[in-house]
Amino acid sequence: MSTEMTGAEIVVQALKDQGVEVVFGYPGGAVLPIYDEIFKQNEIRHILVRHEQGAAHAAEGYARSTGKPGVVLVTSGPGATNAVTGMTDALMDSIPLVVLTGQVPTFMIGNDAFQEADTVGITRPCTKHNWLVRDTDQLADTIHRGFHVATHGRPGPVLIDIPKDVQFATGTYVAPEQARTHTYAPRTRGDRAAIEAAVELLERAERPVLYTGGGVINSGPRASALLRELAAETGFPLTSTLMGLGAYPASGPAWIGMLGMHGTYEANMTMHGCDAMFCIGARFDDRITGKLDAFSPGSRKVHVDIDPSSINKNIRVDVPIVGDIAEVLEEMLAIWRERGAKKRDVSAWWKQIEEWRAVKCLTYKASTSTIKPQYAIERLEALTRGMDRYVTTEVGQHQMWAAQFMGFDEPNRWMTSGGLGTMGYGTPASIGVQVAHPESLVINVAGEASWLMNMQEMGTAVQYRLPVKQFILNNERLGMVRQWQQLLHGERYSHSWSEALPDFVKLAEAFGCKGIKCDDPADLDDAIREMLAYDGPVIFDCVVEKHENCFPMIPSGKAHNEMLLGEASTEGAIGSSGAVLV
Amino acid sequence: MSPMTLKPGSSAQSAYNLRSTLPESHERHTLSVLVDNEPGVLARVIGLFSGRGYNIESLTVAETDHASHLSRITIVTTGTPQVIDQIHAQLERMVPVHGVTDLTVLGAHIERELALVKVASTGEKRVEALRMADLMQARCVDVTLESFVFEIAQTSDQIDAFIELMRPLGLLEVARTGVAAVMRGKEPME
Ligand SMILES: Cc1cc2nc3c(=O)[nH]c(=O)nc-3n(C[C@H](O)[C@H](O)[C@H](O)COP(=O)(O)OP(=O)(O)OC[C@H]3O[C@@H](n4cnc5c(N)ncnc54)[C@H](O)[C@@H]3O)c2cc1C
Ligand SMILES: Cc1ncc(C[n+]2csc(CCOP(=O)(O)OP(=O)(O)O)c2C)c(N)n1
């Protein structure tokens, strides 16, 4: 095979050589040559989304559920700008994406040409890196570097902007091995002395906690396996952020639930009262720390992270370890075992944690007349646990309830928009997951407001026979916003409810899929079973209690031990200084 | 008017520093950043500073190694020690960045800035401007019967002082390059 090819051929060849199986995209004038090449081959599957934002989120779902980079192909101008939210989302949540955009021909750049946008300028702050390729000879090298950068170090989205004349012109193809990837080589091995210091802390801790996050998932299945070994050998309690759910099994003995703003009482009290904190692939996000100067005041802190800029960003730590989770945990366990795997007795600490657990912070008031949203999730969980299941979510109360009431025993099974909190993420993400796992059960736990933001993607689901289950907790409210207005703004519900909601069952029929509506708790199990049994996409309209609040909740600007547990504790709980925070 | 009559400022480097006093716990650091000279690299660095709310006191950039397409960006920034550490880490993780050296942390280094200072005056003032320029080691690079352009390559503090000296003597305009810096001694920065 000659190494001289057109730019468009180079794009497709580079994708093949990178092992790409699926591209999520939407055509337009500036990418027609690439689409022509896609037409001529069968190795790479193209999924036509209905909106470029959907392509980016679908690629995120694909990436998070497989550990491989997600690939997006869109046209110049509006195609590129529509994908910006998805790239920002991927940047915040460390998801590897390779986004290819068409651009107007090089000789027209800067002239306000038709569908011209300064794509690299617009996406510079929302990608890990981006390139405008002006020369067909550079194209293959740049695409290979793009994959390398997206997947090495802290993963993230990259964008490659390809002018149309570069797609038509011929140039030399280089294989991935020949590409100049060596200049980007983040460090993955932790500093030995720092790891030894961490092990010493493992040995000396009396009230330890393992605080784990999305970095464990990013690092791959070996990191999750090693984390499980660490938890088993130390017997330490373990909590995780929203992004890390599944790295350690929710059914495991060390599990004390998610931490943070809507985390469990026991997890947050453990974080607050510990004397040794082992932060493994989490980034001390403000949803975790609450009030910074009251955050876990009495603990020595170890932080393992591949990105040096995550360390000491919000919280000063005592033992920073820059490296890949799997590599660092392997070395940590080896040193720990070499030194005889000795630890303090932590049973008193566990006894304390059990007392906190006995508070049963997730209790809610049951009802026989209306479906409580928590109940709906509990039933969904009960009827699907143990299945080959993947769950995506939208953003809001339902997202938090899903995190609280569903259990994940494996990594890469839970896909949610954590850092950016993008309403409209879940539907396309569920499609991307289903593309990657055609035989598995894929459920998007949604709120009706979020769901409407990218519902056009049901067309994609129907076209490609992707049997995604859209489980919508319909409270006819922008529930999370309404909750904050109740707690912070004197119950002035300014524009936080949805009037004129569609009839979701008819909507489902219009899309050519199945619609199910359920508003009676007595019917819920059967309705969920009907959804699961249906061999195709389903829109499930679960009509729930309208004014339910999500608890526990650490109000903005408060410390972990100032958690709100239920309605009774909410009066005047959030001061004016907390109100300015989001 | 002599330099000694000027108000002392905040810096230990000069008796007559006129820079604004830094808020307590803020430090001024000079960072030297070696980058691939690729399109957009400067926009990336500046975007990092504006996007994350860091300060730039001065920034200079130029290609320093033509063959390997490397540029050196020298940034003078201020912030709390924690913010300075963040800036360092944030710069270092950028894909086109080869290395970041915090010269202020490393210690002995040389900083220079170049300024072109245009002064228009006649009579006594003109004579005084020339005398001051001589004292401050500024060179006259353009002259008319009513004006001078002085070139001064000095630390930023000294350039500040020179400009203040020229102000009452007919200062018209100033162009400054921002700081360039290297380590003292034979070791390279990276
Ligand atoms: C409405 C709403 C409410 C929320 N409430 C909560 C809440 O109650 N609790 C909660 O936990 N979150 C909550 N979140 C999510 C929150 O905003 C953050 O997204 C989340 O806490 C961040 O998770 P993380 O710390 O695991 O970091 P991630 O964003 O997953 O970042 C991963 C970290 O690991 C590092 N890393 C990546 N790869 C590797 C590797 N290979 N090796 C080592 N390190 C690596 C990265 O550099 C980064 O620092 C909420 C979000 C929304 C939208
Ligand atoms: C794109 C976008 N716009 C606005 C918000 C702010 N926001 C966060 S949660 C929420 C309400 C979500 O309502 P719904 O999807 O019905 O879920 P619920 O909270 O009711 O479960 C809003 C508007 C957001 N996160 N994303």
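Residues numbered from 1 in each chain as written. Chains lettered and ligands numbered in written order. Predicted model: local features only at pLDDT ≥ 70, side-chain atom pairs only at ≥ 80, totals over all residues. Heavy atoms only, no water.

Going by what an unreviewed UniProt entry lists, chain B is known as Acetolactate synthase small subunit and is assigned to Thermohalobaculum xanthum. Regarding chain B, the relevant UniProt record gives this comment under Subunit (unreviewed entry): "Dimer of large and small chains." Comment text from UniProt for chain B, heading Sequence similarities (unreviewed entry), reads "Belongs to the acetolactate synthase small subunit family." (UniProt positions renumbered as here; feature names shortened; annotations may be inferred.)

In the nomenclature of an unreviewed UniProt entry, chain A corresponds to Acetolactate synthase from the organism Thermohalobaculum xanthum. Regarding chain A, the relevant UniProt record gives this comment under Catalytic activity (unreviewed entry): "2 pyruvate + H(+) = (2S)-2-acetolactate + CO2". What the UniProt record of chain A gives under Sequence similarities (unreviewed entry) is the line "Belongs to the TPP enzyme family."

Trainee: So what's going on with the UniProt feature "domain: Thiamine pyrophosphate enzyme central" (unreviewed entry) in chain A? Which residues, and what values?
Mentor: Per the UniProt annotation, the sites labelled "domain: Thiamine pyrophosphate enzyme central" (unreviewed entry) are residues 195–331 of chain A. Along residues 195–331 of chain A, the helical share is 36% and the strand share 20%, with 8 Å between the first and last C-alpha atoms. (Helix = DSSP H or I, 4+ residues; strand = E, 2+ residues; numbered from the N terminus.)

Trainee: Account for the interface of chain A and chain B, with residues named and values stated.
Mentor: Of the residues lining the interface, 16 residues belong to chain A; the matching set on chain B comes to twelve residues. For the pairing of chain A and chain B, the buried interface totals around 1,300 Å² over both sides, and the portion due to carbon and sulfur atoms is 47%. It is A:Arg124, A:His129 and A:Ser309 that lose the most area in chain A upon contact with chain B, and together they represent 40% of the buried surface on that side. At the boundary of chain A and chain B, one finds two salt bridges. We note a salt bridge from B:Arg93 to A:Asp307, for which the minimum N-O separation is 2.5 Å. Here chain A is connected to chain B by six residue pairs in polar contact (both at pLDDT 80 or more). Contributions of two or more residues to the side of chain A that touches chain B are made by β6 (129–132) and α7 (136–151) of chain A. A per-class count over the side of chain A that touches chain B returns four nonpolar, five polar and seven charged. (Contact = heavy atoms within 4.5 Å. Buried area = accessible area lost by both parts, 1.4 Å probe. Salt bridge = Lys/Arg side-chain N within 4 Å of Asp/Glu carboxyl O. Polar contact = N/O pair within 3.5 Å; in protein donor to acceptor, adjacent residues only side chain to side chain. Nonpolar A, V, L, I, M, F, W, Y, C, P; charged D, E, K, R; others polar.)

Trainee: Give me the lowdown on the environment of A:Ile311, citing residues and values where you can.
Mentor: On the secondary structure map, A:Ile311 appears in the loop between β13 (300–305) and β14 (319–322). For the pair A:Ile311 and A:Thr368, spaced 57 residues apart in sequence, the C-alpha separation works out to 49 Å. Among all residues touching A:Ile311, those that are not within four sequence positions of it are A:His303, A:Asp305, A:Val317, A:Pro320, A:Ile321, A:Val322 and B:Gln86.

Trainee: Go over the domain arrangement of chain A, please, and point to the residues and values.
Mentor: All names here are of chain A. When cut into domains, chain A gives domain 1 (3–183), domain 2 (192–356) and domain 3 (373–550). Counting the surface lost from both domain 2 and domain 3, the interface buries some 1,300 Å², and carbon and sulfur atoms represent 63% of this. Among the residues of domain 2 in contact with domain 3, Leu-242, Leu-245 and His-262 are the three that bury the most area, contributing 43% of the side total. Our count for the domain 2 to domain 3 interface comes out at zero salt bridges. Along the contact surface separating domain 2 from domain 3 lie six residue pairs in polar contact (both at pLDDT 80 or more). (Domains from an automatic or database assignment.)

Trainee: Give me the pattern of salt bridges: which residues, what numbers.
Mentor: All names here are of chain A. In the structure shown here, the tally under the stated rule is 41 salt bridges over all chains. Between Arg-344 and Glu-206 there is a salt bridge; the shortest N-O distance is 2.5 Å. Highlighted residues: Arg-344 in the loop between α14 (325–338) and α15 (347–357) and Glu-206 in the loop between α9 (192–204) and β9 (208–212), separated in sequence by 138 residues. For Arg-344, a relative accessible area of 37% gives the class partly exposed. A salt bridge links Glu-381 to Arg-385, with the shortest nitrogen-to-oxygen separation between them at 2.9 Å. What you see here is one network of salt bridges that share partners, running through Arg-189, Arg-192, Glu-196, Glu-331 and Glu-338. (Buried < 20%, exposed > 50% of the residue type's maximum accessible area, 1.4 Å probe, protein only.)

Trainee: Tell me about the UniProt feature "domain: Thiamine pyrophosphate enzyme TPP-binding" (unreviewed entry) in chain A, and name the residues and values.
Mentor: UniProt's feature table lists "domain: Thiamine pyrophosphate enzyme TPP-binding" (unreviewed entry) at residues 395–542 of chain A, given in the numbering used throughout. Across residues 395–542 of chain A, helical content stands at 41% and strand content at 17%; the span's end C-alpha atoms are separated by 16 Å.

Trainee: Please provide a residue-by-residue account of a nonpolar patch on the surface, values included.
Mentor: Among the surface-exposed residues, B:Leu114, B:Leu116 and B:Val141 lie close enough to one another that they form a single nonpolar patch of about 200 Å² accessible area. Its location among the elements puts B:Leu114 in strand β5 (residues 109–120). (Patch = residues over 30% accessible without salt bridge, like charges linked within 9 Å, V, L, I, M, F, W, Y side chains within 5 Å. Areas by Shrake-Rupley, 256 points an atom, 1.4 Å probe, with all protein chains shown as cover.)

Trainee: Run through the UniProt feature "domain: ACT" (unreviewed entry) in chain B, naming residues and quoting values.
Mentor: As recorded in UniProt, the feature "domain: ACT" (unreviewed entry) lies at residues 30–105 of chain B. Counted over residues 30–105 of chain B, helix gives 34% and strand 41%. Its end C-alpha atoms are 9 Å apart.

Trainee: Please give an account of the packing of aromatic side chains that cites residues and values.
Mentor: Residue and element names in this part refer to chain A. On inspection of all chains with the given rule, the structure shows twelve aromatic pairs over all chains. Ring plane angle 45 degrees and centroid distance 4.9 Å describe the contact between Phe-471 and Phe-540, whose orientation is recorded as tilted. Here the residue Phe-471 occupies a position in strand β18 (residues 469–474), and Phe-540 occupies one in strand β20 (residues 538–543), the gap between them amounting to 69 residues. Residue classification places Phe-471 among the buried residues on the basis of a relative accessible area of 0%. You can call Phe-540 buried: its relative accessible area is 0%. Put simply, the rings of Tyr-211, Phe-284 and Phe-295 touch in pairs and so form one group of aromatic residues. For the cation-ring pair, Arg-413 lies above Tyr-390, with the distance from its terminal atom to the ring centre recorded as 4.2 Å. (Phe/Tyr/Trp six-rings, centres within 6.5 Å; stacked < 30°, edge-to-face > 60°. Lys NZ or Arg CZ within 6 Å of the ring centre and 35° of its normal.)

Trainee: I'd like to hear about the site of ligand 2, residue by residue, with values.
Mentor: All names here are of chain A. Of all residues adjacent to ligand 2, which total 17 residues, the nearest are Gln-397, His-398, Gly-421, Ser-450 and Gly-479. A distance of 2.8 Å is found between an oxygen atom of ligand 2 and a backbone nitrogen or oxygen belonging to Gln-397. His-398 has a polar side-chain atom sitting 2.8 Å from an oxygen atom of ligand 2. Relative to its free-state accessible area of 580 Å², ligand 2 is covered by the protein chains to the extent of 76%. Contributing elements (two or more residues each) for the shell around ligand 2: α17 (397–405), α19 (448–453) and α21 (479–488). Considering every element that reaches the shell around ligand 2, the biggest residue donor is α19, with four residues. (Near = heavy atom within 4 Å.)

Trainee: Break down the domain arrangement of chain B for me, with residues and values.
Mentor: Residues and elements named next belong to chain B. Here chain B is partitioned into domain 1 (27–106) and domain 2 (109–183). Computed over C-alpha atoms, the centres of domain 1 and domain 2 are 28 Å apart. The partner domain 2 presents nine residues to the nine residues of domain 1 that form the contact. Our count for the domain 1 to domain 2 interface comes out at zero salt bridges. Scanning the region where domain 1 abuts domain 2 turns up four residue pairs in polar contact (both at pLDDT 80 or more).

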